[in-house]
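Now for the letters of each chain:
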Amino acid sequence: MSAPSLPDNAPLIVIDLQTGMFDGVHEPPIHDAPGIVERTKAVIDCARRGGRKVAFIRHDGPDGDPLAPDEPGWPVWPALGQAADEPTFAKSVRDAFSNPAFGDWVAGQGAGAVVLLGAQTDFCVAATVKGAIARGLGVTVVSDAHSTLDNASESAEQVITRHNGEFAEAGVNLVTTKALVGG
């Protein structure tokens, strides 16, 4: 896994790709759910082969929420194949860096940068991008491996495209799955 200006030890952060984002029980699956799984798995596999650390972020919703702890929608989506040695960091707000243990883990990688993908583009991905930038980290977003749902005024595709533009304007390095994994 290499991309221009991406340190070899920049960890891959998989944000909120939980069962509830895919199972369609309480909300429709995120946009292009099968494609997101496929591309995320490709990026994870490439990261592992290259010795890059991988961490998962899990949103802990309030009681009664489909993403509340121990609810069926709460676990990391099993199809992603999270390895036993890959940590999961909980959060209850949008920015993954709200969990000090996560921030410490990222700092412990010594890269000064992170690679992000996941859900939802306009909520937790965007907030974590801002949180990483605020901490002085270099940020790479896998532009075709984050997703969301339609909202009242935009389709999920429009939200993703708009946010990719906003990320680029903020100095984020955007890279496609193909550019990261090759082929």
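Basis of the calculations
- Residues numbered from 1 in each chain as written.
- Predicted model: local features only at pLDDT ≥ 70, side-chain atom pairs only at ≥ 80, totals over all residues.
- Heavy atoms only, no water.
- Helix = DSSP H or I, 4+ residues; strand = E, 2+ residues; numbered from the N terminus.
- Expected span 1.5 Å × (residues − 1).
- Buried < 20%, exposed > 50% of the residue type's maximum accessible area, 1.4 Å probe, protein only.
- Arc of directions from axis to C-beta.
- Contact = heavy atoms within 4.5 Å.
- 1 Å grid on protein atoms, 1.4 Å probe; cavity = no way out; pocket = protein on both sides within 12 Å on 5 of 7 lines; lining within 4 Å.
- Points joined across faces, edges and corners; volume = space filled by probe spheres on them.
- Nonpolar A, V, L, I, M, F, W, Y, C, P; charged D, E, K, R; others polar.
- Core = buried A, V, L, I, M, F, W, Y, C linked by side-chain atoms within 4.5 Å.
- Polar contact = N/O pair within 3.5 Å; in protein donor to acceptor, adjacent residues only side chain to side chain.
- Phe/Tyr/Trp six-rings, centres within 6.5 Å; stacked < 30°, edge-to-face > 60°.
- Right-handed = clockwise from strand over helix to strand, strands pointing away.
- Pairing = 2+ DSSP bridges.

Peer 1: Give me helix 4 (residues 156–169): which residues, what numbers.
Peer 2: For an α-helix, the turn length of 3.6 residues means that residues three or four places apart are oriented alike. Taking 1.5 Å of rise per residue, 14 residues should cover 20 Å, and helix 4 covers 20 Å from first to last C-alpha, within 8% of that figure. Those residues of helix 4 that fall on the buried side of the exposure criterion are A156, V159, I160, H163, N164 and F167. For helix 4, the angular spread of the buried residues around the axis is 135°, confining them to a single face. Seen from the open side of helix 4, the exposed residues pointing more than 90 degrees away from its buried face are E157, T161 and E169. In this structure, the buried residues of helix 4 make contact with helix 3 (121–134), strand 5 (138–147) and strand 6 (173–175). G171 occupies a position one or two residues after helix 4 and carries a positive phi of about 95°.

Peer 1: Explain the layout of surface pockets to me, using residue names and the numbers behind them.
Peer 2: The probe, sized like a water molecule, is rolled over the atoms to show the empty space still left. Estimated volume of the largest pocket: approximately 370 Å³. What lines the largest pocket is a set of 16 residues, among which M21, E27, H59, L67 and Q120 lie closest to the centre. Of the residues assigned to the lining of the largest pocket, the class counts are seven nonpolar, five polar and four charged.

Peer 1: Which residues make up the nonpolar core, and what values go with them?
Peer 2: Formed by 28 residues in total, the largest nonpolar core has its most connected members in L12, V14, L17, I30 and L117. Those elements giving two or more residues to this core turn out to be strand 1 (12–15), helix 1 (33–49), strand 2 (54–59), strand 4 (113–119) and strand 5. With six residues, helix 1 is the largest single contributor of residues to this core. What V14 contacts, discounting residues up to four positions off in sequence, is T40, I44, V54, A55, F56, I57, L80 and L117. One finds F102, V114, V125 and F167 within the second-largest nonpolar core, a separate group that totals 22 residues.

Peer 1: With reference to specific residues and values, describe the environment of Q18.
Peer 2: Within the fold, Q18 resides in the loop between strand 1 and helix 1. On the basis of relative accessibility, which here comes to 0%, the residue Q18 falls in the buried class. At 2.8 Å, the side chain of Q18 and the backbone oxygen of W74 are in polar contact.

Peer 1: I'd like a description of the packing of aromatic side chains, backed by residues and values.
Peer 2: For any pair of aromatic rings, geometry is given as the distance between the ring centres together with the angle between the planes. Scanning the entire structure with this criterion turns up four aromatic pairs. Geometrically, the ring pair formed by F89 and W105 is tilted, given 5.8 Å between the ring centres and 50° between the ring planes. Highlighted residues: F89 in strand 3 (residues 88–91) and W105 in helix 2 (residues 100–109), separated in sequence by 16 residues. The exposure classification of F89 matches that of W105, with both residues buried. Within the aromatic cluster, the residues linked to one another by ring pairs are F89, F97, F102 and W105.

Peer 1: Explain the pairing of strand 2 residue by residue, including any values.
Peer 2: Burial analysis of strand 2 places six of its six residues in the buried class, the great majority of the element. Residues V54, F56 and R58 of strand 2 are buried on one face, and the alternating residues A55, I57 and H59, pointing to the opposite face, are buried as well. Running through helix 1, the crossover from strand 1 to the neighbouring parallel element strand 2 is right-handed. Relative to strand 3, strand 2 runs parallel, the two being bridged by four bridges. The partner of H59 across the bridge, within strand 3, is K91.

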